[in-house]
Amino acid sequence: MDSSKVRYLILSFVWMFPITPIPAQEKDAIPSGQIYQDASQPVEARIDDLLPRLTLEEKINLIGGGAYMQTHAVSRLGIPEFRMTDGPFGVRAGPSRVYACGLALAASWDIDQARKVGVALGRDCRARGINILLAPGMNLYRAPFSGRNFEYFGEDPLLTGELGCAYIQGVQSQGVAATMKHFVANEQEFNRRGLNSEVDERTLRELYLKPFEMAVKKAGVWCAMDSYNPLNGTHTTESDWLNNQVLKGEWEFKGLVMSDWKAAVSTLATANGGLDLEMPSPKFLNSQALQPLINAGQVTQATLDDKVRRIFRVVFSMGWMDRPQLDNSIPKDDPQNDQVALDGAREGIVLLKNSGNILPLNPMNVKKVVVLGPNADPAVAVGGGSAHANYTHAVSVFQGLKDVAGPNVDVIRVPWSILPTGTDIAAPGKTPLASTTYGAEGNPPFPPASIDDIKSADVAVICVGYNGQSARTGPDWEGEDKDRAYDLPPGQVAMIEAVVKLNPHTVVILNAGGSVATAGWIGDVPVLLDAFYPGQAGGTALAEILFGKVNPSGKLPFSWEKRWEDCAAYGNFPTEASKGNDYKEGVFLGYRWFDRKGIEPLFPFGFGLSYTTFAYSNLELQSSPSGDFTATFTVQNNGTVPGAEIAQLYVAPPSTGVPRPMHELKGFVRTALQPGESKQVGITVAREDLGYWDPATKKWTVTPGQYQIEVGSSSRDLGLKGSVTQVEKPN
Ligand code: GLC
C-alpha cells in the first residue's frame, strides 16, 4: 500500500478519537479566571500572562509537533492540542468533499469563488474540530510537468496572490487558520528536499515572494510553511533572511512559521532562523538539543519566547481557547458545499479548441455519444499526494453525460483504460492486450468491440491525462514528490489519433496540472477542453458544457507552449540528470518569456473560448495625485447566449535601468453578461504595483514616465490601449 494510503489510514484512526481528555486529577489544578483564559482581554496581554506560567520544558514542547498533525497540549494549564489537516481542495480527515483544484480555481479568475471555496473548507474543518488548514499552496507554475502545479494558481504572481488571499480570508472567516506554503521557491518536486533553488533577489521579490507578501499584507494569513528546498544555499527552515528579515521584519508577519513535514535539518540554525514550529515532531527543536544551547546563550530565552508568543497569538486571535473548535452544527458531509464544488468546476474548465463549432452539442441532433479513455470513469477529481482528498462521491464524465444528455441520447462507455498493471479492460472473451500495445504496430488502437461504436456515434468524447488515484509509481499518476512526464501517459496519443480518424466529431478532455506535449495530435483534434482536476462535480460540469447548459468561461492561468523547448525553464528545470535548479530565466517566466523572446505560444496566458463573443470599448483612465489609476471600460456580450468574460489589464512600463517584461498583468475582472448586455467595469491599480525591485538599491522603484495600459481578453488579445504618466514624487 503506498504511503499516502498509510497516511490516510493513520489520520482516519486519529480522527476517530476526540481530543485527549484532561485527566480528572489535573482538571482541579487548572487555574481559572486568569488573564490568559479571558477572551475579553487583549491578545498580547493574554500571552504576557501565559508565558511566565510555562516551564522551559513546556515551552520547548510547544514548538515541536505533538503527533503527525497536531501540537502538544499543556493539560496543567488547560491548553489542548491544536489540530491540522491537509487538503487544499478537500479536507484530508476522513471522507470529505473535493472542490476543483487550484489551477482550475485560477482558470476561473473568480475571486469570489476563491473566497467561497475557503469558506467551504473552513466549514469542513470546523465540522471535524480542525484548527489549521495546511493550505493554500502559492508557488508558481514554472514548468508544465511540475508535480504540484495542480495545487497552485498558475504562472502569474498577481493572479496567484489575489486568489490565494481570497481563499485565505474565506478559511479564516470560519475560525480556522490558513497556511501559505511552500515558502519559498519550491516549483519542482524532483529531489525537493535536497535541490538548491538558486534565485536572484529581484526575481524572488517580483515573482516568487509576491503572492506570499500579498497573503501577509492583504489577507492576514496566520500560518506560513517553510519549504523543503534550500534557497540560495540555505534551507528555508534555517533562513534568517527569509523568515526573520523579510517575512517577520519587512512584512511584519505576526503569525507562526512551521516547517514542512520533516523539512527541518538542524537545531541552532533553525532555532535562530525564524522557525516557530517543527512539524510533524521535534527531531531538532527538542529539550535535549535546545537546553544546552539556551544555557550557553546561543539560543536566547527571548527567541524561544517569541516562538511561543507567535503560536498563542494565533490561538487567542482565532479564539481556540474560548470556544470548541468542533462545531457539531456543521454536517461533515455538508450539502451546502455541493454548489461551491459545482460552481468551481463549471467556471474552471477552459475551452481551448472548438473547430467547426462542434460544441455545444444539440440533444435534438445527437443520438449517440461514445465515451473513451482512462479518465472517463471513475471520476478523476483531484491529483495525488497530500492534496488528494478522499471524496465521498464524485461524478465521472461518463456518468455526467448520462445524467445531462437525457433519455434520448445513447451514451456508451467504450472500455479502454490504462491500468497500473498495464492490462486493458477489453471486450468480453478477448485476451486483454497490455494497454501500451494498443495502437502499437499491428495492434488495434483499442478493444475491437468499440470500433463500430465511435464510427456510428455522433460524437466521441476521449478523456485522457493523469490522475491522483492510481499507483504513485505509475506513468499516469500526478502529485507531490514527483514531477510527471511532459507527454500524455503511454497509449493515449495512439488512442486519440485512432479515434479522430474514425470520427471527425471528436472531443478531447484533459485532466492534468498543466500543459502536455501536443505535437502530433493537437492539429487533428477539433475540440479540446482543459479540465485540470475539477473536483467532485467535474463530470456534471463537463457534460453541461458539452451540451451547452453552461457556457465555458475559464481562461488559462499559464502559457501553453508549442513545445517544452520554448519554455523559460527549459534547460534550467531540474531533471534526473541535472544537478542544480537555477532560475536563470529570472523575472521572465511564462508569458513574460514568450513576449521577450518573440515566441508564439500554442495557447496564450489568459486565453479561453466561449460560446459567445465579447466586445471591448470606451477605455478611460483616471489617475489620482498619488499615482494610482483606475481604468474603466465597457464589455459587451454580442452573441446569443449568456456568458462570463474575464477582462484583463496589463501594463507596459517605460524603459528602465533593468530589463523588464514587455507587459505584466496588473488587474482583472470577471463579468457575467446576458446576450446583448453591456457593462462598464473598472480596475484600479496602485502606483506601487507598477514598480520593479532595483537590485542596486534593494528597493521597489517606480520609474517616472509613460506606462502603456492594455485591456482585453488574453495576454495576446488586448484591443483597448491608453497610457498614464508617473512622476518622480507623487503627492
Ligand atoms: C507534505 C507537503 C505539504 C503538506 C505536509 C503535511 O510533504 O509538502 O504540502 O502540507 O507534508 O502533509
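Reading the values: the criteria
Per chain, the residues get numbers from 1 upward, laid out in the order the sequence is written. Residue-level local features of this predicted model are given only where pLDDT is at least 70; pairs of side-chain atoms are given and counted only at 80 or more, and the full residue set underlies all totals for whole chains, interfaces and linings. Think of the side-chain values as coming from all heavy atoms in the structure, minus any hydrogens and water. A run of H or I in DSSP becomes a helix once it reaches four residues, and a run of E becomes a strand once it reaches two; helices and strands are each numbered from the N terminus. It is over C-alpha atoms that the radius of gyration is taken, and the globule rule equals 2.2 Å times the number of residues to the power 0.38. We call a residue buried when its accessible area falls under 20% of the maximum for its residue type, exposed when it is over 50%, and partly exposed in between, using a 1.4 Å probe and counting protein chains only. The criterion used for residue contact is that any of the two residues' heavy atoms lie within 4.5 Å. Values of accessible area rely on a 1.4 Å probe in the Shrake-Rupley scheme; residue burial ignores everything except the protein chains shown. Only four residue types enter the tally: Lys and Arg on the positive side, Asp and Glu on the negative side; His and the chain ends are excluded. Charged groups are reduced to one reference atom each: NZ for lysine, CZ for arginine, CG for aspartic acid, CD for glutamic acid. Being near a molecule or strand, for a residue, comes down to having at least one heavy atom within 4 Å of it. Whenever a nitrogen or oxygen atom comes within 3.5 Å of another N or O atom, the pair is scored as a polar contact, on the condition that within protein one atom can donate a hydrogen and the other can accept it, and that pairs from neighbouring residues in sequence are kept only if both atoms are in side chains. Following the grouping adopted for this structure description, the nonpolar residues are Ala, Val, Leu, Ile, Met, Phe, Trp, Tyr, Cys and Pro, the charged ones are Asp, Glu, Lys and Arg, and the polar ones are all others, Gly among them. Each nonpolar core is a collection of buried residues, namely Ala, Val, Leu, Ile, Met, Phe, Trp, Tyr and Cys, held together in the definition by side-chain atoms within 4.5 Å. Each salt bridge in this description consists of a side-chain nitrogen of Lys or Arg and a carboxyl oxygen of Asp or Glu lying within 4 Å of one another. Strands qualify as paired when DSSP identifies two bridges or more between them. Fitted lines through C-alpha atoms serve as axes, helices being fitted only where they are in contact, and the angles separating the N-to-C directions of these axes extend from 0 to 180 degrees. To be clear, the arc concerns the directions from the helix axis to the C-beta atoms. The hand of a helix crossing depends on one turn: near helix anticlockwise from the far one by less than a right angle means left-handed, and clockwise means right-handed. For crossovers, right-handed means that the path from the first strand over the helix to the second runs clockwise, given strands pointing away from the viewer. Every angle not falling under 35 degrees, over 145, or within 65 to 115 is termed oblique; those three ranges are roughly parallel, roughly antiparallel and roughly perpendicular.

(A) Region of the structure containing the overall build of the chain. For the chain, the helix and strand inventory stands at 19 helices and 24 strands. Since a compact globule built from 731 residues should have a radius of gyration of about 27 Å, the 26 Å found for the chain is in line with a globular shape. Expressed as lengths along the three principal axes of its C-alpha atoms, the size of the chain is roughly 80 × 70 × 50 Å. Within the chain, buried positions represent 62% of all 731 residues. In the chain, 75% of the contacts between residues at least 6 apart in sequence involve partners at least 24 apart. Carbon and sulfur atoms provide 53% of the accessible area of the chain, an area that totals close to 25,800 Å². The positive charge centre, built from 66 side chains, and the negative charge centre, built from 79, are 1 Å apart in the chain.

(B) Spatial organisation of the site of the ligand. Around the ligand, the structure places 14 residues, and the nearest of them are Asp86, Lys181, His182, Tyr228 and Asp260. A distance of 3.2 Å separates an oxygen atom of the ligand from a polar atom in the side chain of Glu480. Coverage of the ligand by the protein amounts to 99% of the 310 Å² it exposes when considered alone. Across the shell around the ligand, the residue classes break down as five nonpolar, two polar and seven charged.

(C) The arrangement of the nonpolar core in detail. Ranked by internal contacts, the top residues of the largest apolar core, which has 112 residues, are Val184, Met258 and Phe312. In this structure, Leu372, Ala381, Ile462 and Met495 belong to the second largest nonpolar core, which totals 44 residues.

(D) Local environment of the pattern of salt bridges. Applying the stated criterion across every chain yields a total of 40 salt bridges. Between Asp112 and Arg115 there is a salt bridge, with its nearest N and O atoms 3.6 Å apart. Of this pair, Asp112 and Arg115 both sit in helix α6 (residues 111-126), three residues apart, which is roughly one turn of the helix. On the basis of relative accessible area, Asp112 is assigned to the partly exposed category, the value being 49%. What emerges from the salt-bridge pattern is a single network uniting Arg148, Glu151, Glu189, Arg192, Arg472, Glu480 and Asp481.

(E) Main features of the sheet that holds strand β16 (residues 614-623). Pairing within the open sheet is antiparallel, and its three strands lie in the order β16-β17-β20. Both outer strands of the open sheet, β16 and β20 (678-685), are each paired with one neighbouring strand and no more. The average undirected angle you get between the axes of adjacent strands in this sheet is 20°. Relative to strand β17 (residues 629-637), β16 is paired through eight bridges, and the arrangement is antiparallel. Looking at β17, one finds that Phe614 is bridged to Asn637.

(F) Molecular detail of the side chain of Gln536. Structurally, Gln536 can be placed in the loop between β14 (527-530) and α18 (538-546). The class of Gln536 is buried, set by a relative accessible area of 5%.

(G) Broad picture of helix α12 (residues 287-295). Within α12, burial applies to Ser287, Leu290, Leu293 and Ile294. Looking straight down α12, one finds that the buried residues subtend no more than 140° of arc, so they occupy a single side. Those residues of α12 that are exposed and aimed more than 90 degrees away from the buried face are Gln288 and Asn295. Those residues of α12 that are buried are in contact with α4 (56-62), α11 (268-272) and α13 (301-318). Measuring from the backbone nitrogen of Gln288 back to the side-chain oxygen at the start of α12 gives 3.2 Å, which picks out Asn286 as the cap. Of the residues one or two after α12, Gly297 is the one with positive phi, at around 80°.

(H) Up close: the packing of α6 against helix α14 (residues 338-347). Packing of α6 against α14 leaves a shortest axis separation of 10 Å and a crossing angle of 145°. For the element pair α6 and α14, the recorded crossing hand is left-handed. In contact with Gln113, Lys116, Val117 and Ala120 of α6, α14 contributes Val340, Asp343, Gly344 and Glu347. Here the contact of α6 with α14 is built from residues that sort into three nonpolar, two polar and three charged.

(I) Spotlight on the pairing of strand β24 (residues 720-726). The side-chain alternation of β24 yields one buried face, formed by Leu720, Gly722, Val724 and Gln726, and one unburied face, formed by Lys721, Ser723 and Thr725. Relative to β24, strand β23 (residues 705-712) runs antiparallel, the two being bridged by seven bridges. Paired with Gln708 across the bridge in β24 is Ser723.

(J) Focus on the pairing of strand β10 (residues 368-372). Counted residue by residue, β10 has five buried out of five residues, so it is predominantly covered. Alternating residues of β10 divide into Lys368, Val370 and Leu372 and Val369 and Val371, and every residue in both groups is buried. Two strands pair when backbone bridges link them, and β10 and strand β11 (residues 410-413) are joined in this way by four bridges, in the parallel orientation. Counted as the bridge partner of Val369 is Val411 from β11. Assessed by its sense of winding, the connection that carries the chain from β10 through helix α15 (residues 397-405) to β11 is right-handed.

(K) A look at unusual backbone geometry. Of note, the bond from Ala135 into Pro136 is cis; its omega dihedral lies within 30 degrees of zero at 15°. Here Pro136 lies in the loop between β2 (132-133) and α7 (157-172). Residues Lys181 and His182 are joined by a peptide bond in cis, for which omega reads -5°. Locating His182 in the fold gives a position in strand β3 (residues 177-183).

(L) View of the packing of helix α8 (residues 201-208) against helix α10 (residues 240-250). Close contact between α8 and α10 brings their axes to 15 Å; oriented N to C, the two are set at 50°. When the interaxial angle is binned, α8 and α10 end up oblique. Here the hand of the crossing between α8 and α10 comes out right-handed. Counted together, Glu201, Leu204 and Arg205 of α8 and Trp241, Val246 and Glu250 of α10 form the full contact between these two elements. The class makeup of the residues in the contact of α8 with α10 is three nonpolar, no polar and three charged.

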